[in-house]
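Overview (structure and organization)
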Amino acid sequence: MRVNPNPMPDYLAALNVSREAEQEAMAEMSSGRRVNRPSDDPAASAILVDNHDRTTLTTRYLTSLGLLQSQWQTADSTLGSIETALTRALSLGVEGANGTLSDADRTAIVGELQGIQDQLLSLANTEFQGRYLFAGTNTSTVPFAKDAAQPSGIRYDGNSGVNTVEVGEGLQLAVNQPGSQLFTAAGKNMFQGMSDLIQAMQSNSGFDSAINSIRASFDYISAQRVFYGNTMNQAQAQSTYLNNAKLQLSQQENTLAGADVEAAASNLVNSENSINATLSAIGRFSQMNLFDFLK
Amino acid sequence: MSGLYGSLSIALSSLFASQEALETTANNVANATTPGFTRQRPVLVPRDPVLFGNLTMGTGVDLQKLESLRDPILELRLNQGTQDQGKLDASLGALQQIEAMFSGTDSGIGDAISKFFDSVQQLSTDPSNMALRQGLLTAAGNLASAFNNAATNLQTQRANLDLNVSQTVGQVNNLTQQIAAVNQQIASLENSHQDAGAFVDQRTNLIRQLSGLVDVQVIQTEQSIALTTSNGTPLVSGVNSFQLSTQIGTDGMQHIFAETGEITASLTGGKLAGLLETRDQKIPALLGNLDQLAAGLATALNTAHRSGFDLNGNPGTDLFVPPPAGGVGAATALAVNITDPTLVAASSDGSVGSNGNLAVLSAVHDQAVVAGEKPLDFFSQVVFQAGSDTANASSDLNASNLILQQLQDQRNSVSGVSLDEEAANMVRYQTAYQAAARVITTVNDLLDVAVNLGRY
């Protein structure tokens, strides 16, 4: 068969293919990514959309947990201060109940108890980043206000709303406990207890029921405080889990889209070899023909 | 026997034939690098013999014709290959620009959807925070503009393709006119029994160019050739060419008409088919998907948003401007309905600190909002489609290039000029010329002897 007398276009096409492979390998090595456009790997590109979304959400869950952690800590330490104040009120109550105090002593104690009452009120109105922690979801209104019309002398202006925040796929953590539940529940109203105790101290009678009432509030608040401890433990565990998940997502991303450096390097070497081979073949392609030999 | 004069005339015929053969070689060598040139070879035939008594005597040689060495079947396959290549090349160019919109996960629609739900989650930790509320509206605005940009991009692509369609139709008309003119030349040359090789080469080249643009079928008729598209619409018939024209259709795009009617949908090969396929199928399908996604997402988010209460305790309004009924144009039209961050309906009970309704908005992330799919699942399918369309077109184009190269190789092995061959032929014709000249010298000597007979 007659051969193609002008094979140069074939060589050039072969050279073009090798150069393309070289550029692809170079791009992969320099960008560090195997998938730069959807057509590089359509299936991986589709999964990467989901990967990016889950990475975004996981990062957000972690940030949310960080923010909530300090909110829970503030609430927890506020409840701790309330416990301390109630403990002091209880010991003052017990002191008054043993009947050995003079009127003047009791008056002094009444003064201290009123101070504790104000302290409790201020603690119950604790703010975190401009929001009242114990107002339910009515966070912009001062939740506890003095009101002589109330038996306890304190009126609750918050609501019973509880916010939850998503900190994992399908995992919601409660953010707050409403003040109505913590401080003014029937039978466990700490303001009522305080007001009863002050009255007992003033009248020098009815100590027992007042002390029992404060003790009930104290026990109840201690029990409720466990909520924050538990939640913070749960949040800690969830953070660990989320950090792992984030790591896995980034590994998945890397596996899907990252450059396979060894493969890219070997492709680069291969393509360079074939370019060199093609070039030297073109260089050696005989420039001579029969005309050169005719005289 | 015709004697010495007969020999003289025989030698003369050889001189002429060798000269003309040498000319052919010269022409082949001159065109060795001319694209599409088909080598020619002289066809030498013995002149009719004369009967002389019982002897049949030869009377010399004639150059009957110059023969162009071409394989018509190969040429047809080359046309077919060029049509495939033209089509794939045109669609790949457009598809690559389209897929660029879906490159990288850190931008574009997917990222905007993720970031929107991220902003909802962020707000849920502090639902009355004005900065975070503004953040949600900004994320919603970015989501809307991601859809707007993608849709605008696709429409711009479509408009560019459309422009390209009318330009290509102009090129087709130009080529068919040229082919008809060349047919005329070939016909008049062949009528006077002359070689039309150069014009046939020219026509072959023109048909090849035309094949790159449109699906051409070559029909050999008795005198000439006719060209039609694959559905039989005539383009050229002998010396007549038939113009294609374009008209803007109801979809605002150029439609292609022949004298016989509209042929837009029936073109199957060449650049035109690639342009039309991308313009009329690929891009509208992609736009349709984006419209559906935008409409589904906006409707679901609006419903979720309306179920809550804003910072003033009023019921939520639509978060996005409600998408058009049926969803057509939703991606282009997507826009945020509210600008005041206090109007973000985060609360589920009207209290300022409630984040209950944000969970409802978040839940849209995992709701089947379009074609039974979650928003991002649907979007990742769109990305997959754009990627695999491009990848397929690219590998098809590579395959088509290889086939075309192979065919070109075969064509050159039949029709290409080999300098070695031409050198060898040159030696042959030179020798033949020299030999014939020698015969003439000898006859001349003999005639000289005959003329001077008796002088001695």
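Residues numbered from 1 in each chain as written. Chains lettered and ligands numbered in written order. Predicted model: local features only at pLDDT ≥ 70, side-chain atom pairs only at ≥ 80, totals over all residues.

To continue, consider the sheet that holds strand β7 (residues 234–237) of chain B. Residues and elements named next belong to chain B. Strand order across the open sheet formed by 4 strands is β5-β6-β7-β8, with antiparallel pairing between neighbours. Lying at the two open borders of the sheet, with one neighbouring strand each, are β5 (217–220) and β8 (240–241). When strand β6 (residues 225–228) meets β7, the two strands line up antiparallel, connected through 3 bridges. Pairing of A226 across the sheet is with S237, part of β7. (Pairing = 2+ DSSP bridges. Helix = DSSP H or I, 4+ residues; strand = E, 2+ residues; numbered from the N terminus.)

Across the contact, 50 residues belong to chain B and 44 residues belong to chain A. Counting residues per element, the side of chain B that touches chain A draws most heavily on helix α9 (residues 375–415) of chain B, at 17 residues. The residue inventory of the side of chain B that touches chain A, partitioned by class, reads 16 nonpolar, 26 polar and 8 charged. (Contact = placed C-beta atoms within 7 Å. Nonpolar A, V, L, I, M, F, W, Y, C, P; charged D, E, K, R; others polar.)

Let us now look at helix α4 (residues 130–191) of chain B. With 62 residues, α4 of chain B should cover 92 Å at 1.5 Å per step; its first-to-last C-alpha distance of 90 Å lies within 8% of that length. H193 of chain B lies just past α4 of chain B and shows a positive phi near 55 degrees. (Expected span 1.5 Å × (residues − 1).)

Before going further, it helps to examine the sheet that holds strand β11 (residues 261–262) of chain B. Residues and elements named next belong to chain B. As summarised here, the arrangement of the 3 strands in space is β9-β10-β11, forming an open sheet in which the pairing is antiparallel. With one partner strand each, in any of the chains shown, β9 (245–248) and β11 form the two edges of the open sheet. Looking at chain direction, β9 and strand β10 (residues 254–258) are connected through 4 bridges and run antiparallel. Bridge pairing in β10 places Q247 opposite H255. Seen against the sheet, α4 touches β9 and β10 and runs at an angle of roughly 20 degrees to β10. (Axes fitted to C-alpha atoms, helices over the stretch in contact; angles between N-to-C directions.)

Time to look at the domain arrangement of chain B. Residues and elements named next belong to chain B. As assigned here, chain B comprises domain 1 (3–69 + 423–451) and domain 2 (77–405). Using C-alpha coordinates to define each centre, domain 1 is positioned 65 Å away from domain 2. On the domain 2 side, the residues contacting the 7 residues of domain 1 number 6 residues. Considering every element that reaches the side of domain 1 that touches domain 2, the biggest residue donor is strand β4 (residues 61–68), with 3 residues. Residue composition of the side of domain 1 that touches domain 2, by class: 2 nonpolar, 4 polar and 1 charged. (Domains from an automatic or database assignment.)

This part is about the environment of F116 of chain B. Residues and elements named next belong to chain B. Position of F116 among the secondary structure elements: in helix α3 (residues 108–124). Taking C-alpha positions, F116 is 4.9 Å from A139, a pair spaced 23 residues apart along the chain. If near-sequence neighbours (up to four positions away) are discounted, F116 is found in contact with A139, A140 and L143.

What follows is about unusual backbone geometry. Excluding glycine, a negative phi dihedral is what most residues carry, and trans is how most peptide bonds are arranged. The phi dihedral of N204 of chain A falls on the positive side, at around 55 degrees, and the residue is not glycine. Counting through the fold element by element, N204 of chain A comes out in the loop between α5 (190–203) and α6 (207–257). In this structure, A371 of chain B is a non-glycine residue whose phi angle is positive, near 50 degrees. Along the chain, A371 of chain B turns up in the loop between α8 (356–363) and α9.

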